[in-house]
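Letter by letter, the chains look like this.
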Amino acid sequence: LLGIRELLLDPGSRTWLLYPNPATDHFVLGVNQQEAGPVTVHIINAQGRIMRRDSHVKQSGYWQQRIPVAQLPAGIYTIHLKTGRLETTQKLVKN
């Protein structure tokens, strides 16, 4: 039986995931990369303003972090994720 991490984050298909989406008080960010190193997460509002900045250091393999968003107003945000070899964005709906 596969757990949610294995089901949603198949190493052959995706290197990261974000759930739940929409989010109310937090979301979980998961990254699956063999490289250890810094991870930066920016939450950007519809006007392009960075509303939250998080910096972490991940170990080799799967890493996840719970990111609080309860203080943010409802709306659509862009989550910008950067690691040593990955830079990507995804939309997040905050209820």
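Refer to the structure above for everything that follows.
Note that the structure is predicted; figures quoted are calculated from it, not measured.

**Description of the sheet that holds strand β4 (residues 50-58)**
Phase 1 of the analysis: With respect to topology, four strands assemble into an open sheet ordered β4-β3-β6-β7, the strand pairing being antiparallel. Looking at strand neighbours, the two that pair on one side only are β4 and β7 (87-94), the edges of this open sheet. With strand direction ignored, the average angle separating the axes of adjacent strands in the sheet is 20°.
Phase 2 of the analysis: In terms of strand pairing, strand β6 (residues 75-82) meets β7 through eight bridges, oriented antiparallel. Directly across from I79, in β7, lies its bridge partner Q90.

**Focus: the side chain of H80**
Phase 1 of the analysis: Counting through the fold element by element, H80 comes out in strand β6.
Phase 2 of the analysis: Reaching out from H80, the side chain makes a polar contact with the side chain of E87 at a distance of 2.9 Å.
Phase 3 of the analysis: Apart from the residues within four sequence positions on either side, H80 is in contact with T40, V41, H42, I44, E87, T88 and T89.

**Topic: the nonpolar core**
Phase 1 of the analysis: Ranked by internal contacts, the top residues of the largest apolar core, which has 18 residues, are W16, L18, F27, L29, I43, I79 and L81.
Phase 2 of the analysis: Breaking this core down by element, the ones donating at least two residues are β1 (16-19), β2 (26-33), β3 (37-44), β5 (61-68) and β6.

**Overview of unusual backbone geometry**
Phase 1 of the analysis: Cis geometry marks the peptide bond from Y19 to P20, where omega comes out at -10°.
Phase 2 of the analysis: Relative to the helices and strands, P20 resides in the loop between β1 and β2.
Phase 3 of the analysis: Residue P22 is bonded to the preceding N21 through a cis peptide linkage, with omega at 15°.
Phase 4 of the analysis: The residue P22 is located in the loop between β1 and β2 in this model.

**Considering the pattern of salt bridges**
Phase 1 of the analysis: Applying the stated criterion across every chain, the model contains two salt bridges.
Phase 2 of the analysis: The partner of R85 in a salt bridge is E35, with the nearest N and O atoms 3.6 Å apart. With R85 in the loop between β6 and β7 and E35 in the loop between β2 and β3, the pair connects residues that are 50 residues apart, well separated along the chain.
Phase 3 of the analysis: Given the relative accessible area of 67%, R85 is considered exposed.
Phase 4 of the analysis: Relative accessible area serves as the criterion here: at 33%, E35 is assigned to the partly exposed category.
Phase 5 of the analysis: The shortest N-O distance in the salt bridge between D54 and R52 comes to 2.6 Å.
Phase 6 of the analysis: Classification of D54 by relative accessible area gives buried; the value is 10%.
Phase 7 of the analysis: Judged by its relative accessible area of 22%, R52 falls in the partly exposed class.

How each quantity is defined
Residues numbered from 1 in each chain as written. Predicted model: local features only at pLDDT ≥ 70, side-chain atom pairs only at ≥ 80, totals over all residues. Heavy atoms only, no water. Pairing = 2+ DSSP bridges. Helix = DSSP H or I, 4+ residues; strand = E, 2+ residues; numbered from the N terminus. Axes fitted to C-alpha atoms, helices over the stretch in contact; angles between N-to-C directions. Polar contact = N/O pair within 3.5 Å; in protein donor to acceptor, adjacent residues only side chain to side chain. Contact = heavy atoms within 4.5 Å. Core = buried A, V, L, I, M, F, W, Y, C linked by side-chain atoms within 4.5 Å. Buried < 20%, exposed > 50% of the residue type's maximum accessible area, 1.4 Å probe, protein only. Salt bridge = Lys/Arg side-chain N within 4 Å of Asp/Glu carboxyl O.

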